[in-house]
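# Structure at a glance
So the chains spell out like this:
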Amino acid sequence: MNEVINQLDIAGVEVIKEHFSLTPLQVQQFTALGELYRDWNAKINVISRKDIDNLYPHHIIHSLAIAKVLRFQPGTTLLDVGTGGGFPGIPLAVMFPNAQFTLCDSIGKKIIVASEVAKGLDLKNVKTVNARAESLPETFDYIVSRAVTSLDNFMPWVKGKYSEGILYLKGGDLAEEISTAMARHKMRKGSVHQWPISSWTDDPFFETKYVIYIEK
């Protein structure tokens, strides 16, 4: 069983290497994610038991779609809202070691997993916070998040929390959702962009999934 699991991890890392130039340390960290998440998920369930074997395509590679839309410069600060067990924040923190990530979630047990995985990878650029985004006093350059709610609900949570933009992973037919959010929150025309993840990978899982980029 461990050999099969290890092969899944290796295959997942190979896919990442096809799309990104990685340092030896990044290869090591992305490889270690599989064992870390399986270990912690057995203690605190943050990923469906049925989906844990799809950790790399459905969670890690999905998170890294944001890195195909925007490359974060050294010193950039990012807030991952509703991070759960650390997605998309932890894969992005591995990819951008010189950017600073704050991972927040209102559910304490999920933050425990994110914290322990970050420690297991020795990520110095990750801070975890058990809190709602609205309660945080800081402002960040960017907000990242993965399908925690509709855009209409999400925008008030991060109002005044970012200076550059939002990168939001979401699936489905988003035209009406985006239109509603833009009208209700008076978002600037032309400030919302949709990038289909299927333009990057032919994995059927991503056929209806997007990165939504909202400029400040």
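The structure this text deals with has already been given above.
Every chain begins its residue count from 1, and numbering advances along the sequence as written. The model is predicted, so local features are restricted to residues of pLDDT at least 70 and side-chain atom pairs to those at 80 or more, both for listing and for counting; the totals for chains, interfaces and linings are taken over all residues. Only heavy atoms go into the side-chain values, all of them from the structure, while hydrogens and water stay out.

Before going further, it helps to spend a moment on the pattern of salt bridges. We define a salt bridge as a contact between a side-chain nitrogen of Lys or Arg and a carboxyl oxygen of Asp or Glu at a distance within 4 Å. Scanning the entire structure with this criterion turns up ten salt bridges. Among the salt bridges present, the one from Lys124 reaches Asp122, with a minimum N-O distance of 2.8 Å.

Let us now look at the packing of aromatic side chains. The pairing test for Phe, Tyr and Trp rings, Trp by its six-membered ring, is centres within 6.5 Å, and the orientation test on the planes gives stacked under 30 degrees, edge-to-face over 60, and tilted for anything in between. Summed over the entire model, instances satisfying the criterion amount to seven aromatic pairs. Between Phe72 and Phe96, the ring centres sit 5.1 Å apart and the planes meet at 75°, which makes this aromatic pair edge-to-face. Note that Phe72 is positioned in the loop between helix 3 (55-69) and strand 1 (77-81) and Phe96 in the loop between helix 4 (89-95) and strand 2 (100-105), a separation of 24 residues in sequence. Of the residues examined, Phe72 reaches a relative accessible area of 6% and is grouped as buried. Overall, the relative accessible area of 6% leaves Phe96 in the buried class. Centroid distance Phe205 to Phe206: 5.0 Å. Interplanar angle 80°. Geometry classified as edge-to-face. One aromatic cluster is present, formed by Phe72, Phe96 and Tyr142 through successive ring pairs. For a lysine, the NZ atom is tested; for an arginine, the CZ atom; a charge sits over a ring if that atom is within 6 Å of the ring centre and within 35 degrees of the ring normal. Here Lys68 stacks its cationic end above the ring of Phe20, 5.2 Å away from the centre of that ring. A cation sits over an aromatic face here: Lys216 above Tyr162, 4.7 Å from the ring centre. Where helices and strands are cited, they refer to DSSP runs of H or I of at least four residues and of E of at least two residues respectively, numbered from the N terminus. Each residue gets one of three labels from its accessible area relative to the maximum for its type: buried under 20%, exposed over 50%, partly exposed in between, using a 1.4 Å probe on protein chains only.

Let's shift gears to the nonpolar core. Formed by 49 residues in total, the largest nonpolar core has its most connected members in Ile16, Phe30, Phe72 and Ile90. The element best represented in this core is helix 3, accounting for eight residues. Excluding its chain neighbours within four sequence positions, the residues that come into contact with Ile16 are Leu22, Phe30, Tyr56, Ile60, Ile61, Leu64 and Met95. Listed in part, the 24 residues of the second largest apolar core include Leu136, Phe154, Met155 and Ile178. We define a nonpolar core as any set of buried Ala, Val, Leu, Ile, Met, Phe, Trp, Tyr and Cys residues linked to one another through side-chain atoms lying within 4.5 Å. In what follows, a contact means two residues having at least one pair of non-hydrogen atoms within 4.5 Å.

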